[in-house]
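Chain by chain, the residues run as shown.
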Amino acid sequence: MQRLPPNQRQTADFPVLHFGKVPEFDRKSWDFTVGGAVENPLKLTYDEFLALRSTASTGDFHCVKGWSRLDLKWEGVLFSEIVKLTNPESSAGFATIEADGGYTTGLPLADLLEPDVLFAYRLDDRPLEPSHGGPLRLVVPRKYAYKSAKWVRKVVFTGEQELGFWEERGYSNSADPWKEERYSR
Ligand SMILES: Nc1nc2c(c(=O)[nH]1)N[C@H]1C(S)=C(S)[C@@H](COP(=O)(O)O)O[C@H]1N2
Ligand SMILES: [Mo]
């Protein structure tokens, strides 16, 4: 089976790539909130988040700039688990993910409910390093990695797919590496 999407090359290392600087993590004040078009809004402390049912998933990671990292083992809480806990309204077809430092990205629920989409706090059997998004990042293996927001703090369910940080700057909002959707038209 072809593992590399078109015009991607495999890398053995794991580059660190983001806009701005790595945010401080303060375990006492950190929270994870879910709001917007949702029946049961949620606010969790870090310890409460860690107590949610955890899942491990091994997947690939494709940066829009052309590198792909294969077989990363992520561990955390499935997006579908958050959906179960909060019960989005039927009008909520999308969600915007908000991160510390102002980074955002938006996705259809259909993509977020794939069984390999999770909020990860461990990578390759170790706590997720701050540079790679620790304490918590979204992982969406089937999309270019700018959809995999690092330092996630908030989920907002929406009726439309909002443009995120890179999407506002010209990257594709659908971001399917297999269709090579790198830029918006
Ligand atoms: N908060 C935040 N998340 C982000 C980004 C960012 O700038 N800020 N960059 C994205 C991009 S373009 C990529 S390729 C991946 C890189 O993740 P890595 O540094 O763990 O390799 O993070 C994504 N998530
Ligand atoms: Mo990227």
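These notes cover the structure that comes with them.

Calculation notes
- Residues numbered from 1 in each chain as written.
- Chains lettered and ligands numbered in written order.
- Predicted model: local features only at pLDDT ≥ 70, side-chain atom pairs only at ≥ 80, totals over all residues.
- Heavy atoms only, no water.
- Helix = DSSP H or I, 4+ residues; strand = E, 2+ residues; numbered from the N terminus.
- Salt bridge = Lys/Arg side-chain N within 4 Å of Asp/Glu carboxyl O.
- Buried < 20%, exposed > 50% of the residue type's maximum accessible area, 1.4 Å probe, protein only.
- Pairing = 2+ DSSP bridges.
- Axes fitted to C-alpha atoms, helices over the stretch in contact; angles between N-to-C directions.
- Contact = heavy atoms within 4.5 Å.
- 1 Å grid on protein atoms, 1.4 Å probe; cavity = no way out; pocket = protein on both sides within 12 Å on 5 of 7 lines; lining within 4 Å.
- Points joined across faces, edges and corners; volume = space filled by probe spheres on them.
- Nonpolar A, V, L, I, M, F, W, Y, C, P; charged D, E, K, R; others polar.
- Near = heavy atom within 4 Å.
- Polar contact = N/O pair within 3.5 Å; in protein donor to acceptor, adjacent residues only side chain to side chain.
- Areas by Shrake-Rupley, 256 points an atom, 1.4 Å probe, with all protein chains shown as cover.
- Sits in = over half its atoms within 2 Å of the grid points.

Before going further, it helps to spend a moment on unusual backbone geometry. Omega for the peptide link from glycine 134 to proline 135 comes to 15°, which places this bond in the cis form. Mapped onto the elements, proline 135 comes out in the loop between β9 (126-127) and β10 (137-139). The residue asparagine 7 is not glycine, and still its phi comes out positive at about 60°. Inspection of the secondary structure assignment puts asparagine 7 in the segment before β1 (9-10).

Moving on: the pattern of salt bridges. Once the charged atoms of two side chains with opposite charge are near each other, the side chains can pair. As enumerated under the stated definition, the model contains 15 salt bridges in all. Note that arginine 153 and aspartate 31 form a salt bridge whose closest N and O atoms lie 2.8 Å from each other. Here the residue arginine 153 occupies a position in strand β11 (residues 152-158), and aspartate 31 occupies one in strand β2 (residues 31-36), the gap between them amounting to 122 residues. Comparing arginine 153 with aspartate 31 shows no difference in burial state: the two are buried.

Right, let's get into the sheet that holds β11. Backbone hydrogen bonds hold the strands of a sheet together, and the pairing may be parallel or antiparallel. With respect to topology, 5 strands assemble into an open sheet ordered β3-β2-β11-β6-β7, the strand pairing being mixed. Two strands close off the open sheet at either side, each with one partner strand: β3 (42-45) and β7 (104-108). Each strand of the sheet is rotated relative to its neighbour by a mean of 15°, with strand direction disregarded. Those strands touched by helix α2 (residues 79-86) are β2, β3, β6 (94-99) and β11, and its axis lies near 60° from that of β11.

Right, let's talk about the layout of surface pockets for a bit. As a volume, the largest pocket reaches approximately 360 Å³. As for the largest pocket, its lining consists of 22 residues, of which Leu17, His18, Ala145, Tyr146 and Trp166 are closest to the centre. Considered class by class, the residues forming the lining of the largest pocket number 16 nonpolar, 3 polar and 3 charged. Estimates place the volume of the second largest pocket at around 190 Å³. Every residue lining the second largest pocket is counted, 11 residues in all, and those nearest its centre are Asp60, His62, Pro141, Arg142 and Trp178. Ranked by the residues each element gives to the lining of the second largest pocket, the list is headed by strand β4 (residues 55-62), at 4 residues. Classifying every residue of the lining of the second largest pocket gives 3 nonpolar, 3 polar and 5 charged.

To continue, consider the site of ligand 1. Neighbouring ligand 1 are 19 residues; Pro15, Phe19, His132, Arg137 and Lys150 lie closest to it. Here an oxygen atom of ligand 1 sits 2.6 Å away from a polar atom, N or O, in the side chain of histidine 132. One of the backbone nitrogen or oxygen atoms of serine 148 is found 3.0 Å away from a nitrogen atom of ligand 1. Taken by itself ligand 1 offers 530 Å² of open surface, and the protein chains cover 98% of this. Judged by the fraction of its atoms near the pocket grid, ligand 1 is located in the largest pocket. Looking at the shell around ligand 1 residue by residue, the class counts come to 14 nonpolar, 3 polar and 2 charged.

So far we have only geometry, and geometry alone does not tell us how the molecule works.
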